[in-house]
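Breakdown of the fold
Each chain, letter by letter, is given below.
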Amino acid sequence: MQSLILTLIPALALAGYVSLGVVVALRGQNNRATKAFMVYLLMMALWSLSALLLRLDSARTIVWWRVVSLMATGFLVPLLAFVRASLGIERPSWCLGVTVAAYLLIIVPLNLQTQAVSSVAGAEGGLVQYQLGPMAILVALYWFSVFFTIVGYWVAAYRRTTDLVQRNRIRYPLLGLVAVLLGLLVNTIPKWGAYPFDHVGNLINAALLTYTIARYRLLDLTVVLRRGLAAGLILLVVGFIYLFSLIVAQALVSAAWPGILIVVIVLTSLVMIAAPNLFETAQGAVDRLFFRARYDARRMLRELSAAAVTLRPLDELATMLLTRINETMAVSHSAFFIRNEPGGPLQLLTQVGYDPPLPAMSFRQDHPLIEHLSHHEQMLSTAEIPRLFIFRSLWAAEVADLERLQAQVYVGVPDEGGVLGVFVLGPMRGQATYSQEDYHVLATLANQTAVAIANARLYREARQQAQELQRANEELRQLDRMKDEFIHTISHELRTPITFLRGYVEALLADMLGPLNEQQRQALQTVAERTESVVTLVNDVITLTKNADAIVERRPIDVGAVANACVASAQPLAAKSGIDLTIECAPNLPLVNGDAQRLGQVFDNLIGNAIKFSPNGGAVAVQIQARNDRIVVAVRDHGIGIPADQLERVWERFYQVDQGSTRRFGGSGLGLAIVKRIVEAHGGRVWAESTLGVGSTFFFSLPAIKRSD
Amino acid sequence: MVKASDLIEQGRHAEVWQQYCGFLDLDVAQFMKIQERLLLEELQLVSKSILGRMLMGDEPPQTVEAFRRQVPLTTYDDYALYFDEQREDVLPEKPIAWAHSSGRGGRYKWVPYGPIVYRKLGEAALAGFLLCTARQRGEVRLRKRDVFVYNTPARPYMSAYAMRSMSDQFDFTLVPPLELAESVSFQERIELAFRMALRQGMDIVGSLSSVLLRVGERFSHGSRSLSLSRDLLHPGVIWRILRGMIRSKLQNRPLLPRDLWTLKGAMAGGTDTSIYRPQLAAYWGVEVHEQYGCTEFGIMATQAWDRRGLYFLPDIAFYEFIPPDEWERSRQDPTYQPRTLLLSETKPGERYEIVMTSLHGGPFLRYRLHDLVQFTAPEERDPSIALPSFTIKGRTMDLIDLAGFTGVIDEQSAWRALAATGLEFAEWSLRKEVERDRPVLHLYIELKAPTSADEVHHRLDAELRISNPFYSDIEKMLGYNPLRVTVLPRETFLHYMYKQQAAGADLSHLKPPRLNASDAVIAQLKEIAATLA
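Residues numbered from 1 in each chain as written. Chains lettered and ligands numbered in written order. Predicted model: local features only at pLDDT ≥ 70, side-chain atom pairs only at ≥ 80, totals over all residues. Heavy atoms only, no water.

**Some points on the overall build of chain A**
Filter applied, for reference: Put simply, DSSP marks the helices as runs of H or I at least four residues long and the strands as runs of E at least two long, and each gets a number from the N terminus on. Here's how the labels work: a residue is buried when its accessible area is under 20% of the maximum for its type, exposed when over 50%, partly exposed in between, all with a 1.4 Å probe on protein chains only. By definition, residues are in contact when any of their heavy atoms lie within 4.5 Å. Accessible surface is estimated by sampling points in the Shrake-Rupley manner with a 1.4 Å probe; for residues, cover comes only from the protein chains shown.
Helix and strand counts for chain A come out as 22 helices and 15 strands. Here chain A holds 709 residues, and the buried ones make up 45% of them. Looking at chain A alone, contacts between residues at least 24 apart form 67% of all its contacts between residues at least 6 apart. As displayed, chain A offers around 36,400 Å² of accessible surface, 61% of which is attributable to carbon and sulfur atoms.

**With respect to the overall build of chain B**
When helices and strands are counted, chain B shows 20 helices and 19 strands. Buried positions account for 58% of the 533 residues belonging to chain B. Across chain B, the fraction of contacts at a sequence separation of at least 24, relative to all contacts at a separation of at least 6, is 66%. If you sum the accessible surface of chain B, you get close to 22,000 Å²; carbon and sulfur atoms cover 53% of it.

**What to know about the interface of chain B and chain A**
Note the threshold: Joining two parts hides part of their accessible area as seen by a 1.4 Å probe, and the buried area is that hidden amount summed over both. We define a salt bridge as a contact between a side-chain nitrogen of Lys or Arg and a carboxyl oxygen of Asp or Glu at a distance within 4 Å. Here a polar contact means two N or O atoms within 3.5 Å. Within protein one must be a hydrogen donor candidate and the other an acceptor candidate, and residues neighboring in sequence count only if both atoms are side-chain atoms.
The interface of chain B with chain A comprises 34 residues on the first partner and 27 residues on the second. Of the roughly 2,500 Å² buried between chain B and chain A on both sides combined, carbon and sulfur atoms contribute 48%. Put simply, chain B and chain A have five salt bridges between them. Here B:Arg37 ties to A:Asp366 by a salt bridge, and the two come within 3.3 Å at their closest N and O atoms. Applying the counting rule to chain B against chain A returns nine residue pairs in polar contact (both at pLDDT 80 or more). Secondary structure elements with two or more residues in the side of chain B that touches chain A: helix 1 (4–9), helix 2 (13–21), helix 3 (28–47) and helix 7 (115–133) of chain B.

**Let's talk about helix 12 (residues 235–250) of chain B**
What sets the pattern is the α-helix's 3.6 residues per turn: residues three or four places apart point alike. All names here are of chain B. Quick reminder of the rule: Here a helix's expected span is defined as the number of its residues, less one, multiplied by 1.5 Å. It is the directions from the helix axis to the C-beta atoms whose arc is reported.
Taking 1.5 Å as the rise per residue, helix 12 with 16 residues should run 22 Å; its terminal C-alpha atoms sit 22 Å apart, in good agreement. Val 237, Arg 240, Ile 241, Gly 244 and Ser 248 are the residues of helix 12 that are buried. One face of helix 12 carries all of its buried residues, which in axial projection span an arc of 95°. Those residues of helix 12 that are exposed and angled more than 90 degrees off the buried face are Pro 235, Trp 239, Lys 249 and Leu 250.

**A word on the packing of helix 5 (residues 94–112) of chain A against helix 6 (residues 136–160) of chain A**
All names here are of chain A. As a reminder of what qualifies: Only the stretch in contact is used when a helix axis is fitted, and all axes are lines through C-alpha atoms; the angle between N-to-C directions ranges over 0 to 180 degrees. Any angle that falls under 35 degrees is termed roughly parallel, while one over 145 is termed roughly antiparallel, one within 65 to 115 roughly perpendicular, and all others oblique. When the near helix sits turned anticlockwise from the far one by under a right angle, the crossing is termed left-handed; a clockwise turn instead gives a right-handed crossing. Each residue is assigned to one of three groups, with Ala, Val, Leu, Ile, Met, Phe, Trp, Tyr, Cys and Pro labelled nonpolar, Asp, Glu, Lys and Arg labelled charged, and all others, Gly among them, labelled polar.
At their nearest, the axes of helix 5 and helix 6 sit 10 Å apart, and the two run at 155° to each other. Taken as axis vectors, helix 5 and helix 6 run roughly antiparallel relative to one another. Two packed elements cross with a definite hand, and for helix 5 against helix 6 that hand is left-handed. Contacts from Cys 95, Thr 99, Ala 102, Tyr 103, Ile 106, Ile 107 and Leu 110 in helix 5 reach Leu 138, Val 139, Tyr 142, Val 146, Thr 149 and Tyr 153 in helix 6. Of the residues belonging to the contact of helix 5 with helix 6, the class tally is 11 nonpolar, two polar and no charged.

**So, a nonpolar patch on the surface**
All names here are of chain A. Threshold: Patch membership requires more than 30% relative accessible area and the absence of a salt bridge. Residues of like charge join within 9 Å; the nonpolar side chains Val, Leu, Ile, Met, Phe, Trp and Tyr join within 5 Å.
Where nonpolar side chains cluster on the molecular surface, the patch consists of Val 100, Leu 104, Leu 105, Ile 106, Met 135, Ile 137, Leu 138 and Leu 141 and spans about 740 Å² of accessible area. Among the elements of the structure, helix 5 and helix 6 are those that each provide at least two residues to the nonpolar patch. Ranked by residues supplied to the nonpolar patch, first place goes to helix 5 with four residues.

**Considerations on the confidence of the model for chain B**
Residue and element names in this part refer to chain B. Note the following rule: On a scale of 0 to 100, pLDDT captures the predictor's confidence in every residue.
Within chain B, residue pLDDT values average 88, and 95% of them lie at 70 or more. Per-element confidence in chain B is highest for strand 10 (residues 317–322), whose mean pLDDT is 97, and lowest for strand 16 (residues 405–409), whose mean pLDDT is 57. Of the two predicted TM-score estimates for the complex, the pTM is 0.61 and the ipTM is 0.81.

**A few points about the packing of aromatic side chains**
Within a pair of aromatic rings, the relevant descriptors are the distance that separates the centres and the angle that separates the planes. What counts is decided by this rule: Ring geometry is summarised as follows: Phe, Tyr and Trp rings, the Trp one being its six-membered ring, pair when their centres sit within 6.5 Å, and such pairs are stacked at plane angles under 30 degrees, edge-to-face over 60 and tilted between the two. Sitting over a ring, as applied to charges here, requires NZ of Lys or CZ of Arg to be within 6 Å of the ring centre and within 35 degrees of the ring normal.
The final tally for this structure, using the stated rule, is 48 aromatic pairs over all chains. Aromatic pair B:Phe83 and B:Phe364: ring centres 5.7 Å apart, planes at 85°, arrangement edge-to-face. A residue pair is termed long-range when its members are at least 10 positions apart, and B:Phe83 in helix 6 (residues 77–83) and B:Phe364 in the loop between strand 12 (351–358) and strand 13 (367–375) qualify at 281 residues. Each of the two residues, B:Phe83 as well as B:Phe364, counts as buried. Here the aromatic rings of B:Tyr292 and B:Phe390 are separated by 6.0 Å at their centres, their planes lie at 75°, and the arrangement is edge-to-face. One end of the pair, B:Tyr292, is in strand 7 (residues 288–294); the other, B:Phe390, is in strand 14 (residues 390–395), with 98 residues separating them in the sequence. Given a relative accessible area of 6%, B:Tyr292 falls into the buried group. What makes B:Phe390 buried here is its relative accessible area of 0%. Its end group placed over the ring of A:Trp687, A:Arg685 keeps NZ or CZ at 4.3 Å from the ring centre. For the cation-ring pair, B:Arg329 lies above B:Tyr336, with the distance from its terminal atom to the ring centre recorded as 3.9 Å.

**Details of the environment of B:Pro513**
Residues and elements named next belong to chain B. By secondary structure assignment, the location of Pro 513 is in the loop between helix 19 (492–502) and helix 20 (519–532). On the accessibility criterion, Pro 513 (31% relative accessible area) is partly exposed. Distance in space between the C-alpha atoms of Pro 513 and Ser 429 is 6.5 Å, their sequence separation being 84 residues.

**Topic: the packing of helix 13 (residues 314–329) of chain A against helix 16 (residues 436–509) of chain A**
Residue and element names in this part refer to chain A. Running from amino to carboxyl end, helix 13 crosses helix 16 at an angle of 165°, the nearest separation of the two axes being 10 Å. Relative to helix 16, the element helix 13 is oriented roughly antiparallel. At the point where helix 13 passes helix 16, the crossing takes the right-handed sense. On the side of helix 13, the interface is formed by Leu 314, Leu 317, Leu 321, Ile 325 and Met 329, while helix 16 contributes Asp 438, Val 441, Leu 442, Leu 445, Thr 449, Ala 452, Ile 453, Ala 456, Arg 457 and Arg 460. Looking at the contact of helix 13 with helix 16 residue by residue, the class counts come to 11 nonpolar, one polar and three charged.

**Some details on the pairing of strand 12 of chain B**
Residue and element names in this part refer to chain B. What counts, and what does not: By this definition, two strands are paired if DSSP reports at least two bridges between them.
For strand 12, a buried count of seven out of eight residues is recorded, marking the element as mostly surrounded by other parts of the structure. Across five bridges, the pairing between strand 12 and strand 13 is antiparallel. For Met 356, the partnering residue across the bridge sits in strand 13 and is Tyr 367.

**Some words on the sheet that holds strand 13 (residues 630–636) of chain A**
Residues and elements named next belong to chain A. As summarised here, the arrangement of the five strands in space is 10-12-13-15-14, forming an open sheet in which the pairing is mixed. Single-partner strands in this sheet number two, and they are strand 10 (580–585) and strand 14 (685–691). Geometrically, the sheet is characterised by an average inter-axis angle of 15° between neighbouring strands, direction not taken into account. Packed on one face of the sheet, helix 19 (residues 559–576) meets strand 10, strand 12 (619–627), strand 13 and strand 15 (695–703) and runs near 170° to strand 10.

**Overview of the sheet that holds strand 18 (residues 438–447) of chain B**
For sheets, the rule is that strands pair by backbone hydrogen bonds, running either parallel or antiparallel. Residues and elements named next belong to chain B. Strand order in the open sheet made by the three strands is 17-18-19, with mixed pairing throughout. What marks the edges here is a single partner per strand, and that holds for strand 17 (425–435) and strand 19 (483–488). Mean inter-strand twist for the sheet, computed between neighbouring axes without regard to direction, equals 20°. Relative to the sheet, helix 16 (residues 411–420) contacts strand 17 and strand 18, its axis offset from that of strand 17 by approximately 125°.

**Focus on the pattern of salt bridges**
A full pass over the atoms with the stated rule returns 50 salt bridges over all chains. Between A:Asp366 and A:Arg364 there is a salt bridge whose closest N-O contact spans 3.0 Å. What makes A:Asp366 partly exposed here is its relative accessible area of 26%. For A:Arg364, a relative accessible area of 31% corresponds to the partly exposed category. For B:Asp315, the salt bridge identified is with A:Arg392, shortest N-O distance 2.9 Å. Taken together, the residues B:Asp315 in the loop between strand 9 (310–312) and strand 10 and A:Arg392 in the loop between strand 6 (379–381) and helix 15 (396–405) connect one chain to another.

**Some details on the confidence of the model for chain A**
Per-residue confidence for chain A gives a mean pLDDT of 80, with 80% of residues at or over 70. In the predicted structure, residues 219–224 of chain A sits below a pLDDT of 50 and forms 17 contacts with residues beyond four places in sequence or in another chain.

**With respect to the side chain of B:Arg381**
Residue and element names in this part refer to chain B. Position of Arg 381 among the secondary structure elements: in the loop between strand 13 and strand 14. Of the polar contacts made by the side chain of Arg 381, one reaches the backbone oxygen of Ile 385; its length is 3.4 Å. Those residues within four positions of Arg 381 in sequence are excluded, and the remaining contacts are Asp 306, Arg 308, Tyr 311, Thr 376, Ala 386, Leu 387, Pro 388 and Ser 389.

Here's what the structure looks like:
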């Protein structure tokens, strides 16, 4: 077990450094800092490799030991170069040259001879025993001077900068270096010297460097690292399955190679079939383990996507989004700005976590921030602002506003050719900074917010329009009611004097008030006829304005009888116009629950109209049938017909198909409206069919009383 | 705010470059957007002040177009009533400093600096320093505590404020220190600066071209002129001089400033800079870098890393340009309001008179500086820069107008022609005079080696004919040669300077103007010459 651990520690450190080396080689920039960092990783990897071989290859203990000691003293040289390059330190210019020269001219020869370490030997359990040589103190002196130079650079840079990202980029590698130092120091204690504490320090260093790269974009390698770890996890699982299958294969096929191959292929196929989403699953696991914030962010995105598509007011939606972002990403405060009209400013809609709360503020349409988010990048870190020259056009008041927002990141909510909103996010708690992954999450969120805003706006507009329509409808109905009431009142008021008028005219015509000469009689006859017309008109108007219950008095009636009576009374008029008026009434018609007088009015109006619009010598037919528990009445004429597009409108009050028809045929234009009103008051319906130049048929149907009723 | 020097120390070079020199990445449209936006802010700020109401009326313009239509062009005279008394109540905001420059008549021009204008002074200066030391785009060679040797005038001159503002943004080792520099005279400051630089080294030098030239010449004419003093006995100084001597001996030439100091950059000022550029490069080992500025607006333009044309900074002032026919018309009729163009409307090769408006609450609106600029052809500038570049062509008032030929001679062309004669001269002054009712061009020159006036006439006339097409035609037009030369005895100009110093004259009036000196100045020169003869 001890041997396994002693082997595993440098092996893991080696794996860590090699992985980092690959990542840096793939994605690192071609600059001095990256090159120095590569050399550093290479030397650390060599150190771990030689330590591993020291345990595995006991025949060459001394060789591997020399490599170990060369690397342990030498790794500081490229690290020093990396630190100087990354911090832009150039003075003193001789510093690096002297360090390299001292290493090559003094430390390497001392290490290669027995001056630094006098003897090395393998011990029990894979341990290594060594004795320090007479010049070990010189090596230590060199090591510590370089070490403290590096630490000094980092500490000075750390103290100088207030940028949290920069601080973290220094903090973790510095801690890693301290871990390496502690490991080496513990190794100098005779009792523990044989144990690989130096490699424990190395392992910690590798882990901290990995963390710095992943979390603080030391070399902006997060994506590669994330993918690398996911692939590594799969490798581990497949490796385990492979080993397992090996054992099984050994047992089953007596360790024959073709057999092992078959078993591996079968097992791998089974794994592929059983877990088609293996990579995604592994990625999720990696995210949960190492990229917790991203994992949570994924969940947040899912939740927010669901919330975003629901229809809710904009301010409520924005507040909900901000609250979730603040909770999930540990953001201290956030705000949301929105454009309320095209070309207008973006106004503060809502804010979460500001203390004291932000006052009302807005971004002008030509604000550099809005310009940038519209035309360049969807996201902008506050640290970028001084680097973008276009922000030199900020007004002093706008600079003050941006300072008041205390933002770390601005995220634009995209719109056609611009932004319709901006998320303003403050710093993350615990001095953490927004990672590349956070930016992806926020970009996705902003895009979804755009959809949500569009939905919310459409919903709001539709609701507003519906409300407006309802209001307009209500107003119209109110006006209609008022008009009906007015007409009703006027009609009633007219009826009393007309009744008097008619009474006196009738009395005069009956010579009750004295004899009349022929001229007077004719004049009075005309007055009597016109008065009758006015009475009919007033009665029609009152009928139209009354509610349904007031129109009809319901009792079982025989529609056929009513129709026959009406046809009979219209025969003189028809005969006068040379029109053949006929009625065809089906036998055994069911009764109708209705008002005989009102239905008579319906028949009078329809027959009267048919006669009026029929040419001399034409025919008008009235047909009454029972159809599906309804009585259907048709009044057919052979008149001029009605255009199809006006068939529906003939039932409207005062509507005339042809404005000239009023003059030609007379009438108030209320007849069909009254028909419709009375029929509908009976629970029936009216309709018409017509062919121009052939004639028209007016129908109405009434619910019949069922036989069992 | 983090100082640029600290950012550099942290390795954030790209940030510093973008922050200060990022304007060179802009295209003309972006440049104009910054200009127009800041102008709208300026209109808001200024419209509330007494000065703003005086210049723009009670209904200030709301757009750039309305501003250019509504507001008349101004000169210092329009502000003098308030500024001569340093009246702060008329300004949009309380200034933190008043700078002065001198008008041509010897009258001070007082200029208020608000906090943002003051900061911008430093930003623009620092942009110049970054570019002055850069050899290519994005190269940041400035480092914290770089030694900057300078001899710019003391407060309340603009350059002194620019130095102070720049020091707020970058930790230079200033040689001499600011307080010390302001406590000594100009001449003493120059000597002190170079003496201290022997000990402390020099990364950047900033001075008038004439001073840099003079220092270079002193070296080239024999390093023995270095007077021995206790300062020179410092081991650092001895090592520097020894090293310099070895370098010069190895190249078999006299000791030059470049042997003593390995400069990252040299910042030079003055209209003669372009003439002495090759000579200065030979003396100092670097090509000098130029900026364009004035007291009223600070530093408005700077050269890029190629050190050819100048580029306007977009956030210093709002720039307008009077086309040649318009400024000519306004020269003839001072009441005429010339039409202006914007930077985006200018054409390469054309000369324009520049009109500027302050930004960030500064007080000057559509202010005529009377400076002439000429935009360079695109092929004459770095192809990676999209902005138009220009060179300074002098002042509209500094043109000698002979017999109706406008701009026959300007200071630069006169200087260029004089330099091409091969004559070694100490100083000169050229003006138009009337001789028997005929206009003539009269040169007053002090030579270093004895040469006859006829010889000077002969050589200069020849050079002017070659370099100036107007001049070459003028004899045919006038029917006589218009050039007159008076050779003044050695040290005439020096004595003039002493006299002026004794009379308490301002720094900029110690020497006679090179063009169009007044009768009084010429009379004084003649009087001194008579005593020295």
